[in-house]
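Architecture and fold: a report
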Amino acid sequence: DLAILGLSQADDVEGGGVERSRGSYKCRDDAYLVGDRVYNKQYAHLYFQRLQNLSPLVLDKVKAKWPTVPVRKILEVELGVECAVVGTVYKNMKLKPSVLDEYAKDKSLETHLASTKFVSGDDTLVLEDEGARMNLGCTG
């Protein structure tokens, strides 16, 4: 209805409708196209720096909470000896895609990783400090 659009009968071109004005269009989607994938981004240095920055704060809390418990590095932990270890907790997920595997298979990433389930009963928790990793687990 022309009245709803704020047009008059004079704007109606020979009863065939309203003549539209033409606009120019410039495609600007090139910046959003997926190009070559970069597989060299690693984050270990960020985890290391975070551990370095937070360790003194965590150590103070540990010593205040458990003053008689010795604090050890992972490589110094002895079986059956109670101690505290400060590190970064990491979850090893067997189903999580590996960057190297993705790169080796195909640059199209197999339609965005066909399996979207990355968690399984085989996953493990690991504690990592500056020198080593140790598996975390519990009994009972």
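Nothing here was measured: the structure is a model prediction, and the numbers come from that model.

1. Looking at the overall build of the chain
Helix and strand counts for the chain come out as three helices and five strands. Helices and strands appear in the chain in the N-to-C order α-β-β-β-α-α-β-β. Relative to its full complement of 140 residues, the chain shows a buried share of 11%. Contacts spanning at least 24 positions in sequence make up 56% of the contacts within the chain whose residues lie at least 6 apart. For the chain, the accessible surface area stands at approximately 12300 Å², while carbon and sulfur atoms represent 54% of it.

2. So, the sheet that holds strand S3 (residues 88–92)
Reading across the sheet, the three strands line up as S3-S4-S5 and stay open at both edges, with antiparallel pairing between neighbours. Edge positions in the sheet fall to S3 and strand S5 (133–136), since each has one partner strand and no second. Taken pair by pair, the neighbouring strands of this sheet meet at an average axis angle of 35°, ignoring direction. Here five bridges tie S3 to strand S4 (residues 124–128), and the two strands are oriented antiparallel to one another. Residue pairing for S4: threonine 88 is matched across the bridge by glutamate 128.

3. Comments concerning the packing of aromatic side chains
According to the stated counting rule, one finds zero aromatic pairs in the structure shown. Against the face of tyrosine 90 rests arginine 133, its NZ or CZ located 5.1 Å from the ring centre.

4. Observations regarding helix H1 (residues 44–65)
The end-to-end C-alpha separation of H1 is 29 Å, in line with the 32 Å expected for 22 residues at 1.5 Å each. The largest bend along H1 reaches roughly 40° and is located at leucine 54, with the proline proline 56 sitting one to four residues downstream. Here H1 has its buried residues at Leu51, Ser55 and Val62. Those residues of H1 that are buried lie in contact with strand S1 (71–72), strand S2 (84–85), S3 and S4.

5. Focus on the pattern of salt bridges
The full count for this structure, using the stated rule, is three salt bridges. Glutamate 130 is the partner of lysine 73 in a salt bridge, and the nearest nitrogen-oxygen pair spans 3.1 Å. A residue pair is termed long-range when its members are at least 10 positions apart, and lysine 73 in the loop between S1 and S2 and glutamate 130 in the loop between S4 and S5 qualify at 57 residues. Classification of lysine 73 as partly exposed rests on a relative accessible area of 43%. Among the salt bridges present, the one from glutamate 128 reaches arginine 133, with a minimum N-O distance of 2.4 Å.

6. Topic: a nonpolar patch on the surface
On the surface, Tyr43, Leu46 and Tyr47 cluster together into a nonpolar patch covering about 320 Å² of accessible area. Tracing the backbone shows leucine 46 in helix H1. Note on leucine 46: relative accessible area 46%, which makes it partly exposed.

7. Considering the side chain of aspartate 129
For aspartate 129, the location among the structural elements is in the loop between S4 and S5. For the buried aspartate 129, which has no salt bridge, the nearest side chain bearing the opposite charge is lysine 73, at an N-O separation of 5.3 Å. From its side chain, aspartate 129 meets the backbone nitrogen of glycine 131 in a polar contact 2.9 Å long. A polar contact is formed between the side chain of aspartate 129 and the backbone nitrogen of alanine 132, at a distance of 3.0 Å. Setting aside its immediate chain neighbours within four residues, aspartate 129 contacts Leu51, Lys73, Ile74, Val86 and Gly87.

The rules behind these values
- Residues numbered from 1 in each chain as written.
- Predicted model: local features only at pLDDT ≥ 70, side-chain atom pairs only at ≥ 80, totals over all residues.
- Heavy atoms only, no water.
- Helix = DSSP H or I, 4+ residues; strand = E, 2+ residues; numbered from the N terminus.
- Buried < 20%, exposed > 50% of the residue type's maximum accessible area, 1.4 Å probe, protein only.
- Contact = heavy atoms within 4.5 Å.
- Areas by Shrake-Rupley, 256 points an atom, 1.4 Å probe, with all protein chains shown as cover.
- Pairing = 2+ DSSP bridges.
- Axes fitted to C-alpha atoms, helices over the stretch in contact; angles between N-to-C directions.
- Phe/Tyr/Trp six-rings, centres within 6.5 Å; stacked < 30°, edge-to-face > 60°.
- Lys NZ or Arg CZ within 6 Å of the ring centre and 35° of its normal.
- Expected span 1.5 Å × (residues − 1).
- Bend = angle between axes of the 7 residues up to and from the residue.
- Salt bridge = Lys/Arg side-chain N within 4 Å of Asp/Glu carboxyl O.
- Patch = residues over 30% accessible without salt bridge, like charges linked within 9 Å, V, L, I, M, F, W, Y side chains within 5 Å.
- Lys, Arg positive; Asp, Glu negative; His and termini not counted.
- Polar contact = N/O pair within 3.5 Å; in protein donor to acceptor, adjacent residues only side chain to side chain.

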